[in-house]
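Geometric and topological summary
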Amino acid sequence: MIDARYYEQHELEAMGFKHLGAKVQLARTSRFYMPEYISLGDYCIVDDFCVISGNVSLGRNVHIAHGCRVIGGREGIGMADFSGLAFGVTVFAQSDDYSGTALTNPTVPMEYRKISRARVELGRHVIVGAQSVVFPGVLMGEGSSVGSCSMVTKSTEPWGIYFGVPARRIRGRKRDLLELEERYLQIDAEARTTNMSGGA
């Protein structure tokens, strides 16, 4: 049964994404600016009222919850397999200078502005809690997680739990989910093989 909340396959194909994986679900109420720079891996889901813009690459099984903003600009944002953003997260790879040494906002010609740009990477199994903000240049190590309402201004180490403004490591994160990932991928691969062979 078709879920009317999400674009149908032929509509996704017509949008002109750089890469479109299998079984991608994109909510109709979300906006995708410059889709020719956006790559979407298998089983990605983007929920309602999100904005995805610029050079953005999502791995497989990536989930972006309601009301998130992922603004890649030129430098880009990468989200590796099984990573995700909870409600209302903002991730951006460029920012105006707020120090007062330049004018701000896009109504002003570029020669009067000073913009910081740096790529953002979220590693495998990274999860960012609701209403958090991830700044340009942050590299989040595999398995790191961020609590709700945090401000991530510096890169994170793998398998750490971070929280606060600015976010700081508070303890380690368990890796049990890696066994679950292995089982899931094995079952998925078997299912794909069965489908390709016609169920024989």
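To start, this report covers the structure provided alongside it. In every chain, residue numbers begin from 1 and rise along the written sequence. Per-residue local features are limited, in this predicted model, to residues with pLDDT of at least 70; the limit for side-chain atom pairs, both in listing and counting, is 80 or more; totals at the level of whole chains, interfaces and linings are taken over all residues. Values shown for side chains rest on all heavy atoms present in the structure; no hydrogens or waters enter the calculation.

Our next topic: the overall build of the chain. A tally of regular secondary structure across the chain gives two helices and 22 strands. A radius of gyration in this sense is built from C-alpha atoms; the matching globule rule multiplies 2.2 Å by the number of residues raised to 0.38. Relative to a compact globule of 200 residues, whose C-alpha radius of gyration would be 16 Å, the chain shows 18 Å and is just as compact. By principal-axis analysis of the C-alpha atoms, the chain measures approximately 70 × 45 × 25 Å. Counting all 200 residues of the chain, 41% fall into the buried class. Note on definitions: a residue-residue contact is assigned when non-hydrogen atoms from the two residues lie within 4.5 Å. Counting contacts in the chain only where the partners sit at least 6 residues apart, residues at least 24 apart contribute 20% of the total. Computed by Shrake-Rupley with a 1.4 Å probe, the accessible areas treat only the displayed protein chains as cover when residues are assessed. Looking at the chain as shown, the accessible area adds up to about 11100 Å², and 56% of this sits on carbon and sulfur atoms. In this charge count, Lys and Arg are treated as positive and Asp and Glu as negative; neither His nor the chain ends contribute. We put the charge of a Lys on NZ, of an Arg on CZ, of an Asp on CG and of a Glu on CD. Charged side chains in the chain number 22 positive and 22 negative. The centres of these two groups are separated by 6 Å. Helix and strand labels come from DSSP, where a helix needs a run of H or I of at least four residues and a strand needs a run of E of at least two; each type is numbered from the N terminus. Buried means the residue's accessible area, taken with a 1.4 Å probe over protein chains only, is under 20% of the maximum for its type, while exposed means over 50%, and partly exposed covers the values in between.

Looking now at the nonpolar core. Nine residue types can take part in a nonpolar core, namely buried Ala, Val, Leu, Ile, Met, Phe, Trp, Tyr and Cys, and a core is a set of them joined through side-chain atoms within 4.5 Å. The biggest cluster of nonpolar side chains holds 33 residues, and the ones touching the most others in it are Leu-58, Ile-64, Leu-85 and Val-128. If you list the elements that add at least two residues to this core, you get strand E4 (38–40), strand E7 (56–58), strand E10 (77–79) and strand E15 (120–122).

So, about the packing of aromatic side chains. Stacked, tilted and edge-to-face are the three classes applied to pairs of Phe, Tyr and Trp rings, where Trp contributes its six-membered ring and a pair requires centres within 6.5 Å; stacked means planes under 30 degrees apart, edge-to-face means over 60, and tilted covers the rest. Going through the model one piece at a time under the given rule, you end up with three aromatic pairs. A ring pair is formed by Phe-17 and Phe-32, whose centres lie 6.0 Å apart and whose planes are at 85°; its orientation type is edge-to-face. Taken as a pair, Phe-17 in the loop between helix H1 (9–14) and strand E1 (19–20) and Phe-32 in strand E3 (residues 31–33) lie far apart in primary sequence, 15 residues in all. Residue classification places Phe-17 among the buried residues on the basis of a relative accessible area of 11%. Arranged with centres 6.0 Å apart and planes meeting at 80°, the rings of Phe-82 and Tyr-184 form a pair that is edge-to-face.

By this definition, two strands are paired if DSSP reports at least two bridges between them. One open sheet holds the six strands; their spatial order is E1-E4-E7-E10-E15-E18, and the pairing between them is parallel. Where the open sheet ends on each side, the last strands, each with one partner, are E1 and strand E18 (139–140). Pairing geometry for E7 and E10, over three bridges, is parallel. Following the sheet pairing, Leu-58 is matched in E10 by Met-79.

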